[in-house]
Amino acid sequence: MSTYDQMLASTPTDPAMAVNYPELFALWKKATDDNHLRADASVFDAWDKQVQPLLAASELQFYLSPYHGSLDLAVLDNRAVSRTNHLTKILLYRHGIKAEGDGFNG
């Protein structure tokens with residue numbers, strides 16, 4: 001396991017950032033470990049429906065936005081890449097890592 005994975009696997013110490021974190025991390029891990037998620041719309045949609053209610057309002061807005069603003073989210077692979085990348089940035093933010101450019105900063 002890389003240091004990056006170890007950091008994300010630990011729940012943030014700030015109680016506000018720890019809300020739903022273990023569940024979100026488990027879903028992120030599933031998305032990054034399971035290529036089937038990107039190949040089957042019903043599997044992805046079920047995963048996506050689990051993620052959304054666990055996010056704060058500002059996180060959800062970012063999560064649902066198109067990655068780099070140009071991907072057609074009607075295409076399953078694009079949607080999966082976008083949502084997985086956005087969830088990664090949200091988890092990093094919850095650990096206090098502020099992003100440059102198109103990252104999530106609350």
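Small disclaimer: the values here were computed from a predicted structure and weren't measured.

Q: Just checking my understanding: could you explain the pattern of salt bridges for this structure?
A: A side chain with one charge can pair with a side chain of the opposite charge if their charged atoms come near. One pass over the structure, following the stated rule, counts four salt bridges. The salt bridge involving Asp33 is made with Lys29; its shortest N-O contact spans 3.8 Å. One end of the pair is Asp33 and the other is Lys29, both in helix H3 (residues 21–33) and four residues apart, which spans about a single turn. One salt bridge connects Arg83 with Asp48, and the closest N-O pair in it is separated by 2.8 Å. With Arg83 in helix H7 (residues 76–94) and Asp48 in helix H5 (residues 41–51), the pair connects residues that are 35 residues apart, well separated along the chain. Residues Arg83 and Asp48 agree in their burial class; the two are buried.

Calculation criteria
- Starting from 1, residues in each chain are numbered consecutively following that chain's sequence as written.
- Local features in this predicted model are restricted to residues of pLDDT 70 or higher, and side-chain atom pairs are both shown and tallied only at a pLDDT of 80 or more, whereas totals for entire chains, interfaces and linings draw on every residue.
- In computing side-chain properties, one takes all heavy atoms of the structure into account and sets aside hydrogens as well as water.
- Here a salt bridge means any side-chain nitrogen of Lys or Arg lying within 4 Å of a carboxyl oxygen belonging to Asp or Glu.
- By definition, any uninterrupted DSSP run of H or I lasting at least four residues is a helix, any uninterrupted run of E lasting at least two residues is a strand, and each is numbered from the N terminus.
- Partly exposed residues are those whose accessible area sits between 20% and 50% of the maximum for their type, while under 20% is buried and over 50% is exposed, using a 1.4 Å probe and protein chains only.

In short, shape yes, function no, at least from these values alone.
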